[in-house]
Amino acid sequence: KAGVTQTPRYLIKTRGQQVTLSCSPISGHRSVSWYQQTPGQGLQFLFEYFSETQRNKGNFPGRFSGRQFSNSRSEMNVSTLELGDSALYLCASSLPRDTSYEQYFGPGTRLTVT
Amino acid sequence: QQPVQSPQAVILREGEDAVINCSSSKALYSVHWYRQKHGEAPVFLMILLKGGEQKGHEKISASFNEKKQQSSLYLTASQLSYSGTYFCGTGEAGGTSYGKLTFGQGTILTVHP
């Protein structure tokens, strides 16, 4: 079974621009969670989507948004980019099985804001 | 508030054992353990659920003390491939927070020949 895929893998943007990242979960998985990873803050939860609905949201400004499509693929968007948005953005998919949410991460999108 | 992992770093020789701890101030439903190698995505190791059994296989296992909101990851007879940063991710009890994990700061494990 194919794993989680994320596109693009690398991205360079300038301040003020916006960016859209894409995540395709493992086949059959319905939950997609997004995380930001930086050396200073570590792994931080952005939001989670399940069946096209945002179910949980982390403590990030409204510039960060996302959505999920009927095929469970998810996108996240960051508007008005700031230098501090430079990070590895990871998405993780889960089945879930009962209430056991084993999350499997994709390779990530490395975003650099200049 | 993120869980606290200890130690922050461990250096081992091949064949030695290590224990990594994860402690939370919140009531937990689940603890997830991951290993991340430099430049790669975190790789799922195991999940422990409230009321569940201690998990693991021959050389990597984990426990979850629900009363203390603590989990420990046990690595025995370490191999070079065990090197990496280990993260615990915690899921809180109640509600629909199952898809939201709060991660510790990570423990850097280095195994030398």
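Going by the structure above, here's the rest.
Scope of this entry: the structure provided in the associated data block.

Here is what the cut-offs are and how they apply
- Residue indices follow the written sequence of each chain, beginning from 1 at its first position.
- As they are written, the chains are lettered A onward and the ligands numbered 1 onward, keeping that order.
- Totals for whole chains, interfaces and linings use all residues, but because this is a predicted model, local features are given only for residues with pLDDT of at least 70 and pairs of side-chain atoms are given and counted only at 80 or more.
- To get the side-chain values, take all heavy atoms of the structure and skip hydrogens and water.
- Both site types are read off a 1 Å grid over the protein atoms alone. A 1.4 Å probe that fits but cannot get out defines a cavity, while an open set with protein on both sides within 12 Å along at least five of seven lines defines a pocket; lining residues have an atom within 4 Å of a point.
- Grid points are joined across faces, edges and corners, and a volume is the space filled by probe spheres set on the points.
- Under the scheme used here, helices are H or I runs from DSSP no shorter than 4 residues and strands are E runs no shorter than 2 residues, and both carry numbers assigned from the N terminus.
- Classification used: nonpolar for Ala, Val, Leu, Ile, Met, Phe, Trp, Tyr, Cys and Pro, charged for Asp, Glu, Lys and Arg, polar for all others including Gly.
- Strands qualify as paired when DSSP identifies two bridges or more between them.
- Interaxial angle, 0 to 180 degrees, is taken between N-to-C directions of lines fitted to C-alpha atoms, where a helix line uses only the stretch in contact.
- Ring pairs shown here join Phe, Tyr and Trp side chains whose ring centres sit within 6.5 Å, with only the six-membered ring taken for Trp; geometry is labelled stacked below 30 degrees between planes, edge-to-face above 60, and tilted in between.
- Relative accessibility thresholds used throughout: buried, under 20% of the residue-type maximum; exposed, over 50%; partly exposed, between the two (1.4 Å probe, protein chains only).
- Only when the NZ of Lys or the CZ of Arg is both within 6 Å of the ring centre and within 35 degrees of the ring normal is a charge said to sit over the ring.
- To define a nonpolar core, start from buried Ala, Val, Leu, Ile, Met, Phe, Trp, Tyr and Cys residues and group those joined through side-chain atoms within 4.5 Å.
- Any two residues whose heavy atoms approach within 4.5 Å are treated as being in contact.
- Throughout, the accessible surface (probe 1.4 Å) given up by two parts as they are put together, summed over both, is called the buried area.
- The working definition used for a salt bridge is a side-chain nitrogen of Lys or Arg within 4 Å of a carboxyl oxygen of Asp or Glu.
- Within 3.5 Å is the distance limit for a polar contact, defined as a pair of N or O atoms, with the added protein rule that one can donate a hydrogen and the other accept it, and that residues adjacent in sequence qualify only through two side-chain atoms.

### Focus: the layout of surface pockets
One number sums up the size of the largest pocket: a volume of about 460 Å³. Lining the largest pocket are 18 residues; nearest its centre among them are A:Q37, A:P39, B:Q36, B:H38 and B:F87. Mapped by element, the contributors of at least two residues to the lining of the largest pocket are β4 (31-38) of chain A together with β9 (84-92) of chain B. The element that contributes the greatest number of residues to the lining of the largest pocket is β9(B), accounting for three residues. Volume-wise, the second largest pocket comes out at about 360 Å³. A:Q44, A:F45, A:N59, B:K100 and B:T102 are the residues nearest the centre of the second largest pocket, which is lined by 17 residues in total. Mapped onto the lining of the second largest pocket, the elements with two or more residues apiece are β5 (42-50) of chain A together with β10 (102-103) of chain B. With three residues, the single largest contributor to the lining of the second largest pocket is β5(A). Its residues assigned to classes, the lining of the second largest pocket shows five nonpolar, eight polar and four charged.

### Considering the sheet that holds strand β7 (residues 64-68) of chain A
Residues and elements named next belong to chain A. With antiparallel pairing, four strands are arranged side by side in an open sheet as β1-β3-β8-β7. Only two strands of the sheet have a single neighbouring strand rather than two, namely β1 (5-7) and β7. With strand direction ignored, the average angle separating the axes of adjacent strands in the sheet is 20°. Taken together, the five bridges between β7 and strand β8 (residues 74-78) define a ladder with antiparallel strand orientation. Within the sheet, the bridge partner assigned to R67 lies in β8 and is E75.

### Comments concerning the packing of aromatic side chains
Here the structure, examined in full by the defined rule, presents eleven aromatic pairs over all chains. For the pair A:Y35 and B:F103, a centre-to-centre distance of 5.5 Å together with 80° between the ring planes defines the contact as edge-to-face. Taken as a pair, A:Y35 in strand β4 and B:F103 in strand β10 lie in two separate chains rather than in one. Across the pair, exposure class does not vary: A:Y35 and B:F103 are buried alike. Taking the centre distance of 5.2 Å and the plane angle of 80° together, the rings of A:F105 and B:Y34 count as edge-to-face. Here B:Y34 lies in strand β4 (residues 28-36) and A:F105 lies in strand β10 (residues 104-105), a pairing that spans two chains. For the pair shown, A:F105 and B:Y34 are each scored as buried. Following the ring pairs from residue to residue traces out a cluster consisting of A:Y35, A:F45, A:Y104, A:F105, B:Y34, B:F44, B:F87 and B:F103. Positioned over the ring face of A:F50 is A:R55, at 4.4 Å from the centre of the ring.

### Some points on the nonpolar core
A:W34, A:L46, A:F64, A:M76 and A:Y89 are the most contacted members of the largest nonpolar core, which has 21 residues in total. Broken down by secondary-structure element, the contributors of at least two residues to this core are β3 (19-24), β4, β5, β8, β9 (87-94) and β11 (109-113) of chain A. Ignoring any residue separated from it by four or fewer positions in sequence, one finds A:Y89 in contact with A:Q6, A:L21, A:Y35, A:Q36, A:L46, A:F64, A:M76, A:G108, A:T109 and A:L111. B:C22, B:M46, B:L75 and B:L109 belong to the second-largest nonpolar core, a separate cluster that totals 20 residues.

### Here's the deal with the side chain of B:S83
Residues and elements named next belong to chain B. By the element assignment, S83 lies in the loop between β8 (70-75) and β9. Of the residues examined, S83 reaches a relative accessible area of 18% and is grouped as buried. Residue contacts for S83: discarding those within four places in its chain leaves R35, K37, L109, T110 and V111.

### A look at the interface of chain A and chain B
Many analyses report the size of an interface as the accessible area lost when the parts associate. Each side of the interface is counted separately: chain A has 20 residues, and chain B has 17 residues. The contact between chain A and chain B buries some 1700 Å² in all, and 59% of this surface belongs to carbon and sulfur atoms. Inspection of the region where chain A meets chain B yields zero salt bridges. The tally of links between chain A and chain B comes to three residue pairs in polar contact (both at pLDDT 80 or more). A breakdown of the residues in the side of chain A that touches chain B according to their chemical character gives nine nonpolar, seven polar and four charged.

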